[in-house]
There are 2 protein chains.
Amino acid sequence: MDHWDAMEVLKDVNLRATPQRIAVLNVLKMLGQAHPTAEEIYVALKQEFPAISFATVYNTLKSFLDAGLLHELRFGDKASRYDLNTQAHHHLLCEVCGDLIDIYLPEVDVAQVLREHEFAMSGYHVEIRGVCKTCREHTLHKADTHL
Amino acid sequence: MDHWDAMEVLKDVNLRATPQRIAVLNVLKMLGQAHPTAEEIYVALKQEFPAISFATVYNTLKSFLDAGLLHELRFGDKASRYDLNTQAHHHLLCEVCGDLIDIYLPEVDVAQVLREHEFAMSGYHVEIRGVCKTCREHTLHKADTHL
DNA sequence: GTACTTGCAAACACTTTGCTAGTAA
DNA sequence: TTACTAGCAAAGTGTTTGCAAGTAC
């Protein structure tokens, strides 16, 4: 990943390398594990492109989704989050702070259920809900004050 | 499940047994595996309660969610789907017809990843995407016509 | 009787679309 | 040059909320 070139990535999937698209890719690359929402991407781009609009962000993300460059993650909250990580991976979702953490799990045994339902799987995703380390510590501290 | 009594269910979770709530529960029970959206529930209720509003449907569903009577499922498409099935189960999602199928999987081994991230899990959900039996057959038939 | 619920309309948040000027190839 | 893209504004979709009238308990 040391030789990441947004322009190349775009050419590889036959998308025009506009400055905005390059910037969106770089923002996603930089924010990495932060799984930004469209708004967060918009804010990040606003510095370099004061005239950028939400339409461009959404159009760009849609192009990238269609091209398979990223994944869209939708959870309990409203806004979609976008994930450039194309490796097979899963997520921890903190129900307190809303944070999303990439995890890697041993393969889940789905063969039986696919056979049963004659279902042609294209992929699967495991979402683990709960409370992250940071929020647990905060909760414990708050609880302490009540002792 | 032969002795399902919506009124009892509501009393058990300290919710007032209004006719609309009872009807929503019964609709969810009847539609079962269909995982209806708020709109589908609204349409189903409209017959019995011509004056019912979306606000009531959403308020009711929110009460039920808070009471733990059902689960909210959000996928690629826009509208949330509601699932009365409170057993631990997972879903097949057909990317062609959008159908959602309940499945039961052997436990996924998450202990390691939880330990690693010091994450307190409250639950997990596996979403398997792909093409269901019915849609696969349709696709095959269409493909046949091109031979 | 009281606190909660309904139904309406309006507001809301997120996303998409129609269009014109502009730009990558 | 030509087909695609950016940016704007407006519309669309799913969901939530404020409030007056009504109802479960």
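Per an unreviewed UniProt entry, the recorded name for chain A is Transcriptional repressor, and the organism is Sulfoacidibacillus thermotolerans. Under the heading Subcellular location (unreviewed entry), UniProt records this for chain A: "Cytoplasm". Of chain A, the UniProt comment under Sequence similarities (unreviewed entry) reads exactly: "Belongs to the Fur family."

With that out of the way, let us pick up the layout of surface pockets. Residues and elements named next belong to chain B. The space that makes up the second largest pocket amounts to roughly 390 Å³. Around the second largest pocket sit 17 residues that line it, and Tyr 58, Leu 65, Glu 72, Ser 80 and Tyr 82 are the ones nearest its centre. Here the lining of the second largest pocket takes 6 residues from helix α4 (residues 54-67), the largest share from any one element. Counted by class, the lining of the second largest pocket contains 6 nonpolar, 4 polar and 7 charged residues.

The subject of this paragraph is the side chain of Asp 83 of chain B. Residues and elements named next belong to chain B. Within the fold, Asp 83 resides in strand β2 (residues 81-83). It turns out Asp 83 is buried and unbridged, and the closest side chain with the opposite charge, Arg 81, is 9.2 Å from it. A distance of 2.9 Å separates a polar side-chain atom of Asp 83 from the backbone nitrogen of Asn 85. Among the polar contacts made by the side chain of Asp 83, one reaches the side chain of His 91 at a distance of 3.1 Å.

Cut-off values and rules
Residues numbered from 1 in each chain as written. Chains lettered and ligands numbered in written order. Predicted model: local features only at pLDDT ≥ 70, side-chain atom pairs only at ≥ 80, totals over all residues. Heavy atoms only, no water. UniProt positions renumbered as here; feature names shortened; annotations may be inferred. 1 Å grid on protein atoms, 1.4 Å probe; cavity = no way out; pocket = protein on both sides within 12 Å on 5 of 7 lines; lining within 4 Å. Points joined across faces, edges and corners; volume = space filled by probe spheres on them. Helix = DSSP H or I, 4+ residues; strand = E, 2+ residues; numbered from the N terminus. Nonpolar A, V, L, I, M, F, W, Y, C, P; charged D, E, K, R; others polar. Buried < 20%, exposed > 50% of the residue type's maximum accessible area, 1.4 Å probe, protein only. Lys, Arg positive; Asp, Glu negative; His and termini not counted. Salt bridge = Lys/Arg side-chain N within 4 Å of Asp/Glu carboxyl O. Polar contact = N/O pair within 3.5 Å; in protein donor to acceptor, adjacent residues only side chain to side chain.

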